[in-house]
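The primary structure of each chain is shown beneath.
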Amino acid sequence: MVLQTLDTLGPQHGYAIAARLEQVSSGALQVNMGTLYPALMRLEQRALIRGTWGTTEANRKARFYGLTAAGRRQLAKEKRAWEQMAGIIHTLLRGES
Amino acid sequence: MRVLREWWQRFRSTLVPDRRDEDLEAELQLHLELVAEEARRRGDDPDDAVRVARLEAGGTAQAMEALRDQRGLLWLEDLVRDGQYGLRVLRRSPAFTTVAIVTLALGIGANAAIFHLIDALSLRSLPIANPQELAEIAADGIDGFGVNAGPNGRVTYPLWEQIQTHQRAFSGIFAWANAGLVLGRGAEAQRADGLWVSGDFFDVLGLVPARGRLFVSSDDSPACGASVAVVSYDFWQASLGGSESVVGSTLTIVSQPFTVVGVAPAEFTGLEVGRGFDVALPLCIGVRSSGDAQRRDLWWLRVMGRLAPGQTRETADAHLNALSPGILDATIPEGYSADLTERYRSFRFGALPVGRGVSRLRQTHSTSLSLLLGLTGLVLLITCGNLATLMLARAGAREREIAMRVALGAPRRRLVSMMVVESLLVAVTGAAVAVPIAVASARSLIAFLDNADNPIHLTVAADWRLIAFITAAAALTTVLFGLVPALRVSLVDPIAATRQTSRGLTVDRHRARLRRALVAGEIALSLVLVVSAALFVRSFRNLSTVDLGFDPDGLIVASFFDLGGYPPPERRLAFREELTSGIRSTPGVTSVAASTHIPLAGDTWSHFFRLPDDADAKNRVARFAYVGPAYFGTLRIPLLAGRVFDEHDRATSRRVLVVNDAFVRQHLRGTNAIGTRVRTSAEAGYPEATYEIVGVVGSTKYATLRDEDCLCDAGRDAMPPIAYVPIAQDPNPTSFVYFIARASGSAPALTTALKRRFESVNPGVGVQVVELAPRLGSLLTTERALAWLAGAFGVLAIVLVVVGLYGVIAYLAVSRRSEIGIRLALGSTRTRIVRLVLRDSLVLLAVGSIIGIPLAAAALRSAGTLLFGISATDLPTLAGATILLAAAGAFAAGLPAWRAALLPPMAAIRDEPESMWRSARVVVQRVVRDLKTGDERVGAGTLTNDVAGAIHRADSFAEAVQVALDTLRERVGARRILLLEKTGDEYRGPECAIPASGMLINRLTHYPHPLPLTPGDVHAWRQWAREFRPERLAEIETLDGAGVRIAVPLRTSHELVAVLLLAGPESREAFTAAEIQLLSGAAGVFALLIENARLNKRDLEQEKVRRDLSLAAEVQKRLLPIELPTAESAEFSAASLPARSIGGDYYDFLSVGDRRIGIALADVSGKGIAAALIMSVVQASLRIIASDGDVSLPRLAARMNEFLYRTTPGNKYATFFYAQLDGERRQLRYVNAGHNPPMLVRAGRTDGGNDVHELTVGGAVVGMLPGLTYEEATVDLCAGDVLLAFTDGVTEAHNPDDAEFGEERLKALIRKASHLPAHEIAACVSTALKDWIRDAEQFDDLTFVVMKVR
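These figures come from a predicted structure and were not determined experimentally.

What counts and how
One numbering rule holds for all chains: residues counted from 1, following each sequence as written. Each chain is given a letter, starting from A, and each ligand a number, starting from 1, according to the order in which they appear as written. Totals for whole chains, interfaces and linings use all residues, but because this is a predicted model, local features are given only for residues with pLDDT of at least 70 and pairs of side-chain atoms are given and counted only at 80 or more. To obtain the side-chain values, all non-hydrogen atoms of the structure were used and water was disregarded. Contacts are assigned to residue pairs with any non-hydrogen atoms lying within 4.5 Å of each other. Note on terms: buried area is the combined drop in 1.4 Å-probe accessible area of two parts once they are placed together, counting the loss on both. We count a salt bridge whenever a side-chain nitrogen from Lys or Arg sits within 4 Å of a carboxyl oxygen from Asp or Glu. Paired strands are those between which DSSP finds at least two bridges. Helix and strand definitions here come from DSSP, where helices need a minimum of 4 consecutive H or I residues and strands a minimum of 2 consecutive E residues; each element is numbered from the N-terminal end. The definition of a nonpolar core used throughout is a set of buried Ala, Val, Leu, Ile, Met, Phe, Trp, Tyr and Cys residues joined through side-chain atoms within 4.5 Å. Burial classification: accessible surface area is computed with a 1.4 Å probe over protein chains only, and a residue below 20% of its type maximum counts as buried, one above 50% as exposed, and the rest as partly exposed. Patches were defined on residues exceeding 30% relative accessible area and lacking a salt bridge, with like-charge contacts within 9 Å and nonpolar side-chain contacts (Val, Leu, Ile, Met, Phe, Trp, Tyr) within 5 Å. Methods summary: accessible areas were calculated by the Shrake-Rupley approach with a probe of 1.4 Å, and residue burial reflects only the protein chains presented. By the counting rule applied here, Lys and Arg register as positive and Asp and Glu as negative, while His and the ends of each chain are not counted. For charged residues, the charge sits on one atom: NZ in Lys, CZ in Arg, CG in Asp, CD in Glu. For every element, the axis is a line fit to its C-alpha atoms; helices are fit only across the contacting stretch, and the angle between N-to-C directions ranges from 0 to 180 degrees. An angle below 35 degrees is treated as roughly parallel, one above 145 as roughly antiparallel, one from 65 to 115 as roughly perpendicular, and anything else as oblique. Crossing handedness is read from the near helix: turned anticlockwise from the far helix by less than a right angle, it gives a left-handed crossing, and turned clockwise, a right-handed one. Each residue is assigned to one of three groups, with Ala, Val, Leu, Ile, Met, Phe, Trp, Tyr, Cys and Pro labelled nonpolar, Asp, Glu, Lys and Arg labelled charged, and all others, Gly among them, labelled polar. Each polar contact in these results corresponds to two N or O atoms within 3.5 Å; when the atoms are within protein, one needs to be able to donate a hydrogen and the other to accept it, and residues that are neighboring in sequence are counted only if both atoms are side-chain atoms.

Participant: So what about the interface of chain A and chain B? Which residues, and what values?
Facilitator: Facing the 26 residues of chain A at the interface are 28 residues of chain B. Buried surface at the junction of chain A and chain B, both sides included, amounts to about 2,500 Å², of which 61% is carbon and sulfur. Per-residue buried area on chain A facing chain B is highest for A:Tyr15, A:Met33 and A:Gln45; these three make up 30% of the total on that side. Our count for the chain A to chain B interface comes out at 0 salt bridges.

Written out as structure tokens, the structure reads:
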């Protein structure tokens, strides 16, 4: 989801990612700091995203995370996997009803 | 893949953090700010939003924690941190660290060195292709059959030819033999280790030349054309300069030119491990140049082969076995007797594994090396044991720290890892230091064992096997000395450990038990080492003092070998005669004899023989030697009977024999030997012959000192039976002979003289002249090395035991200090105390010995073959070693025992002050030492001794200080001495005081030495002060008034604790330099005394107060009634919430008879012990007075007042409320002596505003003033009325905002709760109070009593 967000919005800082996730899910997904930042760090350690310090529109120093090429590939792969999965479940559920 | 990358990143950032904590924090901070901003935009309260965000994330701290977890590898970080911590800890105690590392390094190094040698000798395979395919072809039982040429003789040349022709099991076979060669000519000639090798030698081994080529089959053809040679890599480098032009160059070997065709690979040093080679020559040349080489009875070759594909050693074995009869039949040697021939035919060849090379060294040294490895292993174990006890002791010292960590939530796993990492650091450093030690020791051991007769060529370098061994040893030692104590310590009970002082024994006992076990084990192991040391030293002594039977000193052995100029066989006898007379005529030679045998050179020559009486064909065997007539005289072998040889015993005369005493004893049962005929069995070159014994000489050693195969009963004085034949009657006149000469003067000088004389005679004859005695010494190399090493290990073991035992006993003695003090105080004598402490160590020694003796006996049984003249279980040795070890152990234990007994009893019992006494004494000792070098005129040494003595005898610190001061004053001759201790902002003594901010103290603060004050100084100060600082005048007057001439600062590390002021010396102007130095030294002692006294006083006071408080609280609790009274008319309840410190609240219910119940509530002024005591007075007096039920309440109050007034100091008083409930009349009488008015809630009138009555009638507080009078009041009660009496703690209860609970709140509360039963009302009040107070600290007890009328 983080990857998707970054893919859609381009490089973003942590809060923006959280806000976006919250907004997209209409508040169903509340991402707290204790989950978000370690997750970002893990993605960064896996070289799927890259974080750099920059300034926000409000002229604040913030760490921006952007997708790397590997991240983009990973996103595509997971999307595919998810669609496949969703398709299966969808079929299954429909088949049973 | 991605996950791997993640781990790698985490690993990296553990070592090099790429994102620091501040960085992470900044990011989180921004997040929170943005949340707040967002909230602001929405119009929410931003603070709330941030709080919510924080709550969601579980707080910034938790988020940080999660990030840190994700960032690195936590365990790795921990490990790194443990490492840093360990380094710090180790650096803090450099002595321990150094000792630990050095002992470990030595222990591991010694083990590694021995391992390295064993490895080099036994474990390493030959540096050849597929060594496991290599097998040796040899037969069992050939040792000692026929003529053995050198230690590697297994096969004769005819046999080699047969095997080569017939075998089918090997893809290739080769033969080789050692060759003693002479390189060069004449004076330049040098000896070289050569190899005769058959043509396929290098090919079968699969070796690749370093330069040029190796031999091929054609080099060893029967035609044997070219004289070619292959040199070893080492020889090429060392002797040929490593030049590239080596191939094609010419070497002169045994006077013949050889062309070097190649260099063997560097790693190949021959097939015999530990013995290198210089030159390899084709076998055919060896055969061609010596007429003997093809003899059928000369066993001089070794044959090896590479198994053909599909063959195993077993199939090859069977194949060779089957071939054997044919091969043997074709090569039967001539001249053997029938039974010997039969034995020859019975040999069976087989394939023996050879992948690890042949090694004589391995055979000679493997037992001793294994033994040494065992011994060094024991040393390492003992070292580990010692380190473990050291670690335990350290852990004990750190127990509080560890307990604190446990209490703070450190998991045991982390504690263990912390301590193990610490041990690991020691072990790793030790191991690192051990590598060079191991290599150096291995080298020196080789140098020690290497000698001319038994050269050792082993490469010693730190290879991976050595490193692996050392690593394993380090790991093992870490586990042994680190893990066990670590586990033990981690089990510490934090509560017990933090509470315990050094006098406790509960936790220590386990560790003491572990330490005892360790030390007992150490003693057992040490005993093995000490026993082995004793055995090997005695064995070596036996060997070096063994009776040889002849006198080796001054004997010189000369030998002459063929360098191409040797006369032909028929001229040999004449040549021998020439040489004999030539030697005899050399100045300095007393006598000379030719002999085929040199005693103790290791060679043996035996013959089977029969005596005339022997009915059966049973062969007897004896050593034979062919000697010249002067042999016995030259060697100084005594003639016992008959005659020795003379010039008349010629080749043609009657064959005669001289036998030794042992021969007579063993074969002739001591009968008169002269005239007995001895018939020898036939052997190749030695036809059957009959000799007549003409003389008997003293027995001598023959081949070796031990003579294990002496054909006799082995033992210290065992001598082999020897038969001597005149050399002229030697059936083989061409045998090689030696010439043994006795020097009349200096043997070395004669050696050189002989060498010079014969070297120039004939360049074709090489000459070698050596002294016999030094060679005999070198025979004992191994034994000497063993004796030295075992001795050293034994000493080391004793030292380790002494250290270990000392540590344990000292530790036990310290932990039993209180007990010892009590014993001393109760009249036990010092001797008894010593015995008591010693008993511990004696038990350890006994246990250690009981385990150790059988252990030693068992462990050393295998070493029996290495011993000489002493059995491995020699009783005196065992006993002696045990006694020695026990004595050393008793000594080690005696020291701490004696020290324990020397404690002053009071110091011992009081424990803590003891450390002060001790440290003071240490300082005194140091000062004594310092002053020993000082001026003796003032008796510096004696002074401090006196001071020390005084301190020792004194009962209190004040007294000690006073005595010390007096002593000091006397010694320096001062009229007065004043000690001004720092108290607040001045320095005060018994007679005067000076301000801390005054001139003198200011000067002393920056002046470390005694400051002399001359009258001039004082005058100048006074002038100056009068002018500028009048306020300083008082201080100066004080100093002047006391006549102070010198001021000595007494300082501890951080402050000036006191000043010592001395008035001038009586008859002199000023103090001498020596006296000042003395004062300076004494200052240290005083400063320490004072500092300790202060610290101690503070500690003791606090401790006392704490103890008193808990005691008082206990007493107080017991004074309060446990049970509530029961009555028909009313129900009661009471509660007391104790404050932090003990207070003086008191309530009581008294049954006064006639259904009357007394209710008392009192609050004693003040807090602490005093209040508690007064409270107990109140309780006691009340109970006494109130027991008279009819006493009027005013009178009761008045009497209470008198009581308290009399028994307590004037500033102490109590407020007091006493009521008596008359159940029958439903009346309450009461008196209120200055107490907070209790509340009476009237039932049924809850609607009105004035339903709560305050009971105020009474008088003033009790105990303050004498003769006070009181009033009482009576209240009629209705059912449902509630009385609430309380102390001021209740209304004055503070909440965290410092607001009081207040009477109004209480009134409202009681009003609301008055319909409840009494105990519920009480609970209600308690709850309300608790809710009010929450976590605010209360300074007073909260006590109240509830009565509800039924």
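Participant: Mind laying out the sheet that holds strand 27 (residues 1011-1012) of chain B, listing which residues take part and the relevant values?
Facilitator: Residue and element names in this part refer to chain B. An order of 26-25-24-29-28-27 is seen for the 6 strands of this open sheet, with the pairing classed as antiparallel. A strand with exactly one partner marks an edge of an open sheet, and here the two such strands are strand 26 (993-995) and strand 27. For strand 28 (residues 1044-1051) and strand 29 (residues 1056-1063), the ladder comprises 7 bridges, and the chain directions are antiparallel. Looking at strand 29, one finds that Leu 1050 is bridged to Ala 1058.

Participant: Describe in detail the nonpolar core, supporting the description with residues and values.
Facilitator: All names here are of chain B. Within the largest apolar cluster, 89 residues are counted, with the highest numbers of intra-cluster contacts made by Phe 201, Phe 202, Leu 205, Phe 268 and Leu 271. Per element, the largest residue contribution to this core is 14 residues, and it comes from helix 24 (residues 781-815). Leave out the neighbours within four places in its chain, and Phe 202 touches Val 197, Leu 207, Leu 214, Phe 215, Val 230, Ala 264, Phe 268 and Ala 280.

Participant: I'd like to hear about a negative patch on the surface, residue by residue, with values.
Facilitator: Residues and elements named next belong to chain B. Residues Glu 1292, Asp 1297, Asp 1298 and Glu 1300 make up a contiguous surface patch of negative charge. Looking at where Asp 1297 falls in the secondary structure, it is placed in the loop between helix 38 (1288-1291) and helix 39 (1303-1313). Asp 1297 sits in the exposed class, given a relative accessible area of 64%.

Participant: Describe the pairing of strand 22 (residues 738-743) of chain B, with residues and values.
Facilitator: All names here are of chain B. The element strand 22 is extensively covered by neighbouring structure, given that 6 of its 6 residues are classed as buried. Because side chains alternate across strand 22, one face comprises the buried residues Tyr 738, Ile 740 and Arg 742, and the other comprises Phe 739, Ala 741 and Ala 743, equally buried. Sheet topology places strand 13 (residues 555-562) next to strand 22; 5 bridges connect them, and they run antiparallel. Bridge pairing in strand 22 places Ala 558 opposite Phe 739.

Participant: How would you sum up the environment of B:Ser239? Please name residues and give values.
Facilitator: In this structure, B:Ser239 sits in the loop between helix 9 (233-238) and strand 8 (250-253). Residues B:Ser239 and B:Asp278, 39 residues apart in the sequence, show an inter-C-alpha distance of 9.2 Å.

Participant: I'd like a rundown of the packing of helix 2 (residues 14-24) of chain A against helix 2 (residues 21-42) of chain B, residues and numbers included.
Facilitator: In the contact formed by helix 2 of chain A and helix 2 of chain B, the axes pass within 9 Å of each other and the chain directions differ by 50°. Taken together, helix 2 of chain A and helix 2 of chain B sit at an angle that is classed as oblique. Seen along the crossing, helix 2 of chain A lies across helix 2 of chain B with a hand that is right-handed. Here A:Gly14, A:Tyr15 and A:Ala18 of helix 2 of chain A lie close against helix 2 of chain B, whose contacting residues are B:His31, B:Leu34, B:Val35 and B:Glu38. Along the lines of polarity and charge, the residues of the contact of helix 2 of chain A with helix 2 of chain B split into 4 nonpolar, 2 polar and 1 charged.

Participant: Pulling in residues and values, what's your account of the pairing of strand 10 (residues 279-282) of chain B?
Facilitator: All names here are of chain B. Residues Val 279 and Leu 281 of strand 10 are buried on one face, and the alternating residues Ala 280 and Pro 282, pointing to the opposite face, are buried as well. For strand 5 (residues 190-197) and strand 10, the ladder comprises 4 bridges, and the chain directions are parallel. When the sheet's bridge partners are listed, Gly 194 is paired in strand 10 with Val 279. Here strand 7 (residues 228-231) runs beside strand 10; their pairing, made up of 2 bridges, is antiparallel.

Participant: Go over the side chain of B:His1235 with me, naming the residues and quoting the values.
Facilitator: All names here are of chain B. Mapped onto the secondary structure, His 1235 falls in the loop between strand 34 (1227-1233) and strand 35 (1239-1241). What makes His 1235 buried here is its relative accessible area of 5%. Among the polar contacts listed, one links the side chain of His 1235 to the side chain of Thr 1215, at a separation of 2.8 Å. Among the polar contacts listed, one links the side chain of His 1235 to the backbone oxygen of Phe 1286, at a separation of 2.8 Å. In contact with His 1235, other than residues within four places in its own chain, are Leu 1161, Ala 1162, Asp 1163, Thr 1215, Phe 1216, Phe 1217, Phe 1286 and Thr 1287.

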